[in-house]
Amino acid sequence: MSTEQSKDQIDSAAPSSVEAETLGFQTEARQLLKLMIHSLYSNREIFLRELISNASDAIDKLRFKAIEHPELIADDADYAITLGFDAEARTLSLSDNGIGMTRQEVIDHLGTIARSGTAEFISQLTGDQQKDAALIGQFGVGFYSAFIVADEVEVFSRAAGTEQGTRWCSSGEDTFTVEDAADLPRGTRVVLHLKPDASEFADGVRLRSVIRKYSDHIGVPVRLPGEASEDAENEGDAPKLEVVNSARALWTRSRTDISEDEYKAFYKHVSHDFEDPLTWSHNRVEGKLEYTSLLFVPKRAPFDLWNREIPRGLKLYVQRVFIMDDAEQFLPLYLRFIKGIVDSSDLPLNVSREILQQDDRIVTIRNALTKRVLSMLQTMADKEPEEYQAFWDEFGEVLKEGAGEDFSNRDALLKLLRTASTHDADPQKRVSLDAYLERMVEGQDSIYYLVADSLEGAKSSPLLEVFRDRGIEVLLFFDRIDEWLMSSIGEYDGKSFVDVTRADLKLPGEDGKEDEEDEAADDPLTERIGAVLTEQVDKVRRSKRLKESPACLVLGEFDLGPQMRRIMEASGQQLPSSKPQFEYNPDHPLIQRLEAEPDEDRFGELVLVLFDQARLASGELPEDAGAYVDRLNRLLITLLSD
Ligand code: ADP
């Protein structure tokens, strides 16, 4: 949520006094709250992780601000998160002495969801609790998760450097109340009035175990009243506090001292994801530049992966001080799904986004981190092919952007590429280019591929017949991005990519002269067909690639394929019209019958039917569907009456 979202998003009731006002949650916030409470019921304890995470972020923000404004922490420089509970009253409180919020910030941050695309996201939710829980996990649950366990939540907050405190209160339904509150310490205290069935969270043992599980890595002490002070003896005294977590930023520890569970918990803290990460890589680099990175690959793509405008990037720390979220300069756009942190010892504490954009050191770190991610993915691909396939299913299309854009890492990205193939009957299975190279037939020095609108469309293309006949594998592509991708990469491992939809197809063992010979041969049937299709096609010729089908359409060497054409037309570009080439199979009975047809009208009708069928086979509709059906029916009638 961000501060930019203004009050007019909130349908506010006129405040009766400046002091107290009741406001309505923004519609999206209200919907999300409701869904969250229902979907996350089976994993309730995560609310604590979310609230501790917010408290630690608030402390990080103040720590950063206090570098330039030390007066902000003159009252209290001992950062900590403190929990308190009362089993009888069924309350749990969480206090931090972080940056706090002003009244307006309380209203904006806790009453609205500013993330773009939220309404769209909510419309995807199905009502199926399990599915929704996974989706909400990707969205990030945040502060509202308090309402999973509480039927009323109070927030007391005073922003660092201000005098006036604010109290916010809501039962998580339609409205919340805000009013001034006096004598608050700096920072934020969240008080949960627990639901009757959530009383377990007003218990020291339970809290301690949840904190250790989820928040051990938080770089601030998380304190609970010590066990001794829970005894009656101490009643009346201020409870003695015990630090429950290890309070050392996780990435500063040595890899061998960190358990898998700790990495997973830390991932959830930085990503707000619900699920475990797929894999991660933790590295310290020493030398000219010194920095530590901890990079995670999520299991699932976020709902807004395709929105290139959304904030993305790593959390940036300088010498362990949090500097900013979403530092996008450390990874290329096509790795926008990576979560994690980078902690540099060389950057100045007052580094800004502008500086990040210009600094050479950032370019060096970015190049190194990019390689690091790609090699982490390659390791997964080598060691855990099934997990890698799951990764590819989620993020493959984004990596393809990289293979098209990032010239310096193209080979590594192509090595990571997976796609369908004629050599795999399983429609879910994807193959690598390396696997393709291993299966090439004798004399083959090209990688053959076909781009279509769907896998089914690709598999049934007549253009594959000769390849099937000769046992040559063809890679099948059907993502929106594929034609662009394939047109921007020339070769892999010294082997060029060859589009099987092109007219000048060269098969293994051919030197390309055959075409010229074919074309030189005077062929009356070719001319006769050409006379019928003058409007529709650029050229007619005998095919050497068809085995079962009578005819197909192919493209000239430099023609745009249908996918690119559609994308460019959709973006409003005027394209020159281009005509395909028509290939016919002289051995097919229909063509032989055609050749023997003395009646020119019937000949013409049949050719037009074959042409439209060839369009259908390449995934396009006949130009005039009605005329096609009429023609076919006329032919069927003559056939039936013969
Ligand atoms: P997120 O943390 O993902 O932004 P949340 O719903 O958890 O979303 O919180 C919304 C916003 O409320 C935060 O971005 C932050 O600005 C503010 N906030 C939440 N908790 C605190 C806190 N303890 N101290 C200061 N600000 C807070």
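As the structure is a computational prediction, the values presented were derived from the model and not from experiment.

## So, the pairing of strand β12 (residues 314-318)
Point 1. Of all the 5 residues making up β12, 5 are buried; the element is thus mostly covered by neighbouring parts of the structure.
Point 2. Bridge analysis of β12 against strand β13 (residues 321-327) gives 4 bridges, and the strand direction is antiparallel. Within β13, the position partnered with Leu-316 by the bridge is Met-324.
Point 3. Counting the residues that bridge the hairpin from β12 to β13 gives 2 residues, and of these Gln-319 lies at a positive phi of roughly 45°.
Point 4. Relative to strand β14 (residues 339-344), β12 runs parallel, the two being bridged by 4 bridges. Within β14, the residue paired with Leu-316 across the bridge is Val-342.

## Observations concerning the sheet that holds strand β18 (residues 475-477)
Point 1. Taken together, the 6 strands give an open sheet; going across it, the order is β16-β15-β18-β17-β20-β19, and neighbouring strands pair in mixed fashion. Each edge of the open sheet carries a strand with a single partner, namely β16 (431-432) and β19 (491-492).
Point 2. For strand β15 (residues 418-421) and β16, the ladder comprises 2 bridges, and the chain directions are antiparallel. In the strand pairing of β16, Thr-419 is matched with Val-431.

## Concerning the domain arrangement of the protein
Point 1. Domain assignment breaks the protein into domain 1 (7-247), domain 2 (252-397) and domain 3 (501-642).
Point 2. In this structure, domain 1 and domain 3 have C-alpha centres spaced 67 Å apart.

## Points about the environment of Gly-471
Point 1. Tracing the chain through its elements places Gly-471 in the loop between α15 (465-470) and β18.
Point 2. Gly-471 gets classed as partly exposed once you look at its relative accessible area, which sits at 35%.
Point 3. Separated by 31 residues in sequence, Gly-471 and Met-440 have C-alpha atoms that sit 9.2 Å apart.
Point 4. With residues up to four places along the chain from it excluded, the contact list for Gly-471 reads His-423 and Val-441.

## A word on the packing of aromatic side chains
Point 1. Considering all chains together, one arrives at 22 aromatic pairs under this definition.
Point 2. Ring centres of Trp-168 and Phe-176 lie 5.7 Å apart, and the angle between their planes is 25°; this geometry places the pair in the stacked category.
Point 3. Each residue in the set Trp-251, Tyr-263, Phe-266, Tyr-267, Trp-280, Phe-296, Tyr-317 and Phe-322 is aromatic and connected to the rest through ring pairs, giving one cluster.
Point 4. Directly above the aromatic system of Phe-603 lies the positively charged group of Arg-528, at a separation of 3.8 Å from the ring centroid.

## Quick notes on the side chain of Glu-45
Point 1. Its place among the elements puts Glu-45 in the loop between α1 (27-39) and α2 (46-68).
Point 2. Relative accessible area serves as the criterion here: at 13%, Glu-45 is assigned to the buried category.
Point 3. Separated by 2.7 Å, the side chains of Glu-45 and Lys-213 make a polar contact.
Point 4. In contact with Glu-45, not counting residues within four places along its chain, are Phe-201, Arg-206, Val-210, Lys-213 and Tyr-214.

## Remarks on the nonpolar core
Point 1. Counting 80 residues, the largest nonpolar core has Leu-316, Phe-330, Phe-337, Leu-377, Phe-391, Leu-399 and Tyr-448 as the members making the most contacts within it.
Point 2. Examining the composition of this core, we find that 9 residues originate from one element, helix α10 (residues 360-383), more than from any other.
Point 3. Each of two domains, domain 2 (252-397) and domain 3 (501-642), supplies a minimum of three residues to this core.
Point 4. What Phe-330 contacts, discounting residues up to four positions off in sequence, is Leu-314, Leu-316, Val-342, Leu-347, Leu-356, Ile-362, Ile-365, Arg-366 and Leu-369.
Point 5. Phe-25, Ile-113, Val-149 and Phe-201 belong to the second largest nonpolar core, which has 69 residues in total.

## Side note on helix α22 (residues 625-641)
Given 3.6 residues to a turn, an α-helix orients residues that are three or four positions apart in the same direction.
Point 1. Look at α22: 24 Å from first C-alpha to last across 17 residues, which is about the 24 Å you get at 1.5 Å a residue.
Point 2. All of the buried residues in α22 are Tyr-628, Arg-631 and Leu-635. With its buried residues spanning 70° around the axis, α22 presents them on a single face. Of the exposed residues in α22, the ones pointing more than 90 degrees away from its buried face are Ile-637, Leu-640 and Ser-641.
Point 3. Elements in contact with the buried residues of α22: α21 (600-617).

## What about α21?
Point 1. Counted at 1.5 Å a residue, the expected span for α21 with its 18 residues is 26 Å, and the 26 Å between its end C-alpha atoms agrees.
Point 2. Taken as a whole, α21 has its buried residues at Phe-603, Gly-604, Leu-606, Val-607, Leu-608, Val-609, Leu-610, Phe-611, Asp-612, Ala-614 and Arg-615.
Point 3. Elements in contact with the buried residues of α21: α18 (524-532), β22 (551-554), β23 (581-584), α20 (589-595) and α22.
Point 4. The opening residue of α21 is Asp-599, an N-cap whose side-chain oxygen sits 2.8 Å from the backbone nitrogen of Asp-601.
Point 5. Looking at the residues trailing α21, positive phi occurs at Gly-619, about 90°.

## Focus: the confidence of the model for the protein
Point 1. With 93% of its residues at a pLDDT of 70 or more, the protein has an overall mean of 88.
Point 2. In the predicted structure, residues 1-17 sits below a pLDDT of 50 and forms 33 contacts with residues beyond four places in sequence or in another chain.

## Focus: a nonpolar patch on the surface
Point 1. On the surface, a nonpolar cluster with roughly 340 Å² of combined accessible area is contributed by Leu-636, Leu-639 and Leu-640.
Point 2. Structurally, Leu-640 is set in helix α22.

## A short note on the packing of α18 against α21
Point 1. Here α18 crosses α21 at 80°, and the two axes come no closer than 9 Å. Regarding the angle of α18 to α21, the classification is roughly perpendicular. Residue-level contacts link Leu-525, Arg-528, Ile-529 and Val-532 of α18 to Glu-600, Phe-603, Gly-604, Val-607 and Leu-608 of α21.
Point 2. Per-class residue counts for the contact of α18 with α21 are 6 nonpolar, 1 polar and 2 charged.

## Some points on unusual backbone geometry
Point 1. Of note, Asp-183 is a non-glycine position whose phi angle comes to about 55°, a positive value.
Point 2. Locating Asp-183 in the fold gives a position in the loop between β6 (175-181) and β7 (187-194).
Point 3. Of note in the backbone geometry, Ala-247 takes a positive phi value of approximately 55° without being a glycine.
Point 4. Along the chain, Ala-247 turns up in the loop between β9 (241-243) and α8 (260-271).
Point 5. Under the relative-accessibility criterion, Ala-247 is labelled partly exposed at 25%.

Definitions and limits used
- Residues numbered from 1 in each chain as written.
- Predicted model: local features only at pLDDT ≥ 70, side-chain atom pairs only at ≥ 80, totals over all residues.
- Heavy atoms only, no water.
- Buried < 20%, exposed > 50% of the residue type's maximum accessible area, 1.4 Å probe, protein only.
- Helix = DSSP H or I, 4+ residues; strand = E, 2+ residues; numbered from the N terminus.
- Pairing = 2+ DSSP bridges.
- Domains from an automatic or database assignment.
- Contact = heavy atoms within 4.5 Å.
- Phe/Tyr/Trp six-rings, centres within 6.5 Å; stacked < 30°, edge-to-face > 60°.
- Lys NZ or Arg CZ within 6 Å of the ring centre and 35° of its normal.
- Polar contact = N/O pair within 3.5 Å; in protein donor to acceptor, adjacent residues only side chain to side chain.
- Core = buried A, V, L, I, M, F, W, Y, C linked by side-chain atoms within 4.5 Å.
- Expected span 1.5 Å × (residues − 1).
- Arc of directions from axis to C-beta.
- pLDDT = per-residue confidence, 0-100.
- Patch = residues over 30% accessible without salt bridge, like charges linked within 9 Å, V, L, I, M, F, W, Y side chains within 5 Å.
- Areas by Shrake-Rupley, 256 points an atom, 1.4 Å probe, with all protein chains shown as cover.
- Salt bridge = Lys/Arg side-chain N within 4 Å of Asp/Glu carboxyl O.
- Axes fitted to C-alpha atoms, helices over the stretch in contact; angles between N-to-C directions.
- Parallel < 35°, antiparallel > 145°, perpendicular 65-115°, else oblique.
- Nonpolar A, V, L, I, M, F, W, Y, C, P; charged D, E, K, R; others polar.

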